[in-house]
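Here is what each chain is made of, one letter per residue.
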Amino acid sequence: MSADEFRTSLTLTSPDQTARLAHAIAPRLSAGDVLLLNGPIGAGKSHFARHIIRSRQAAIGLSEDIPSPTFLLVQTYNAGGCDIWHCDFYRLNDPQELDELGLEEACETAICLIEWPDIALDYLPAGAAHITLSMTEDEDTRQFDIRAPRRWAGIFALEDA
Amino acid sequence: MTHNLTVLGIESSCDDTAAAVLRCSPPGGEIMSSVVFGQGALHAEFGGVVPEIAARAHAEKLDLAVEQALGEAGCGLSDIGLIAVTSGPGLIGGVMSGVMCARGLAAGRGLPLIGVNHLAGHALTPRLTDNAAYPYVMLLVSGGHCQFLLVQAADRFTRLGGTIDDAPGEAFDKVARILGLEQPGGPAVEKAARDGDPHRFRFPRPLLDRDNADMSFSGLKTAVLRQRDQLITDQGGLYPRDRQDICAGFQAAICDVLSHKTRLALDIATGIAGANPPLAVAGGVAANSAIRSALTKVSTGLMAPPQRLCTDNAAMIAWAGYEKHMAGHADPGDLVPRPRWPLDDQSAPLLGSGKKGAKA
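Residues numbered from 1 in each chain as written. Chains lettered and ligands numbered in written order. Predicted model: local features only at pLDDT ≥ 70, side-chain atom pairs only at ≥ 80, totals over all residues. Heavy atoms only, no water.

**Some words on the side chain of D165 of chain B**
Working step 1: Along the chain, the position of D165 of chain B falls in the loop between β8 (156-162) and α5 (168-178).
Working step 2: For D165 of chain B, which is buried and forms no salt bridge, the nearest opposite charge comes from R50 of chain A, at a distance of 4.7 Å.
Working step 3: Separated by 3.0 Å, the side chain of D165 of chain B and the backbone nitrogen of S218 of chain B make a polar contact. (Helix = DSSP H or I, 4+ residues; strand = E, 2+ residues; numbered from the N terminus. Buried < 20%, exposed > 50% of the residue type's maximum accessible area, 1.4 Å probe, protein only. Lys, Arg positive; Asp, Glu negative; His and termini not counted. Salt bridge = Lys/Arg side-chain N within 4 Å of Asp/Glu carboxyl O. Polar contact = N/O pair within 3.5 Å; in protein donor to acceptor, adjacent residues only side chain to side chain.)

**Examining the side chain of S33 of chain B**
Working step 1: Along the chain, S33 of chain B falls in strand β3 (residues 28-37).
Working step 2: Of note is the side chain of S33 of chain B, whose polar atom sits 2.7 Å from the backbone oxygen of A69 of chain B.

**Describing the pattern of salt bridges**
Residues and elements named next belong to chain B.
Working step 1: Inspection of the entire model under this criterion finds 14 salt bridges over all chains.
Working step 2: A salt bridge links E170 to K174; its shortest N-O distance comes to 2.8 Å. With E170 and K174 both in helix α5 and four residues apart, this pair spans about one turn of that helix.
Working step 3: One network of salt bridges, with partners in common, ties together R200, R241, D242 and D245.

**A short note on the pairing of β3 of chain B**
Working step 1: Alignment of strand β2 (residues 17-25) of chain B against β3 of chain B, held across nine bridges, turns out to be antiparallel. Bridged to V21 of chain B within β3 of chain B is S33 of chain B. (Pairing = 2+ DSSP bridges.)

**Looking at the sheet that holds strand β1 (residues 5-11) of chain B**
Residues and elements named next belong to chain B.
Working step 1: Taking strand neighbours across the sheet as the criterion, the five strands line up as β3-β2-β1-β4-β5 in an open arrangement whose pairing is mixed. A single partner strand is all that each edge strand has here, and the edge strands are β3 and β5 (113-117). For this sheet, the mean angle separating the axes of adjacent strands, direction not counted, is 25°.
Working step 2: The sheet contact formed by β1 and strand β4 (residues 82-88) spans four bridges and is parallel. Bridge pairing in β4 links L8 to I83. (Axes fitted to C-alpha atoms, helices over the stretch in contact; angles between N-to-C directions.)

**Focus on the pairing of strand β4 (residues 83-88) of chain A**
All names here are of chain A.
Working step 1: When you tally the buried positions in β4, you get five out of six residues, the bulk of the element.
Working step 2: Hairpin connection of strand β3 (residues 74-78) to β4: four residues between the antiparallel strands, including G80 at a positive phi of 75°.
Working step 3: Taken together, the six bridges between β4 and strand β5 (residues 110-115) define a ladder with parallel strand orientation. If you follow D83 over to β5, its bridge partner there is A110.

Take a look at the structure:
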């Protein structure tokens, strides 16, 4: 592990704990922060993303529906001061299609939460945080493995999550 | 002002590129042609419906779709009195291609042009196919959407409830993938379910205990995944019988949730509209015969437009444009392409002020 890299692992024993993690980090995110959410179907990527969006919206008195982005690839939300892009590249088959979505600009001007980012890895900023969600023996427990540049340590500093 | 109008509809907000010619005369319309260039079948071999997000690809097909729609209708642009185009919600590249194509045609011919909400197209379809009178309740259920709308006028939609996470169409696709069935998943799961035992596996029915019309389908795919893994652990693999039973159990759960929540939505609608509004269904998932028959049990007068008008098409856009035009609701602002465009921004669950119009 290089000195300028931040790594941590968390074991969250319920969907509520995942939600609490989302609500803890949401206020610390700002334009240009890109979170890549990896993990199999059912690992809780959307659940986590949804709670980040909900938290940011609640802070400015909004509460919109947060549908799955799988079909439309991108859903955007007002996150107070900037937008949140909730992306899902599950259906993408050619990284060139990212241009059409305007992802490059969004990675600079918005908070981006990207599910199934694999196809886009070469096109995403180096400063992005990689979060891998894994299922466990216990039905409700999820393992969060976070790997990110050092500056993310403050965002993921969790005294009370 | 004459009410008879021939309308050209253009739709390119998601995977399909479509054009249609509709001869409108109250109370209904006659579909002269409806051309849909789809993606689904073409890409089935890749294990998924590949999104046609490239604006260029839509643009290339739009001209051909319009030409073919006019040809099949046996008319030319000179016979068209109004152009209606989907201006959202959807993939922005596709929407922009459609709007630019429509703008070009309208400018070239000096025709009125109207921007239509894709969801309004679905929601108003029963007026075209069944001469539905206002008000009625629409269950819009597709790959990307699942919501109950009380439709009271061409521009008056009240959202009664909907999914808080995945849409059922997405759940069908993901279950098909989990079980190694072909895509698109809807027909594949329905086919497998036909010979399955819906009682062998009991899948969750989330939010059934809540007294509202909101639904959740995302936990269902996780439950299917766990069941599959359990069977593989126990018996070393998955037998065709297992797949059929999982599909049947999964479909039964979807049917139960949809019927139960439809009942609640109809109750809520009755409270708002004063009378018992009839039920209509649209969207790709409405093709599922088990879901249709479950909904028929909830509301015997169920209006279910023919399948080709339930999935994305341009005839519904032409019709919605016509209704909007006749009601005098043409708004130049509606021609601005937008990815998000809720039909009902009143009863969206807003907690406070400060909602930005442009994002809505």
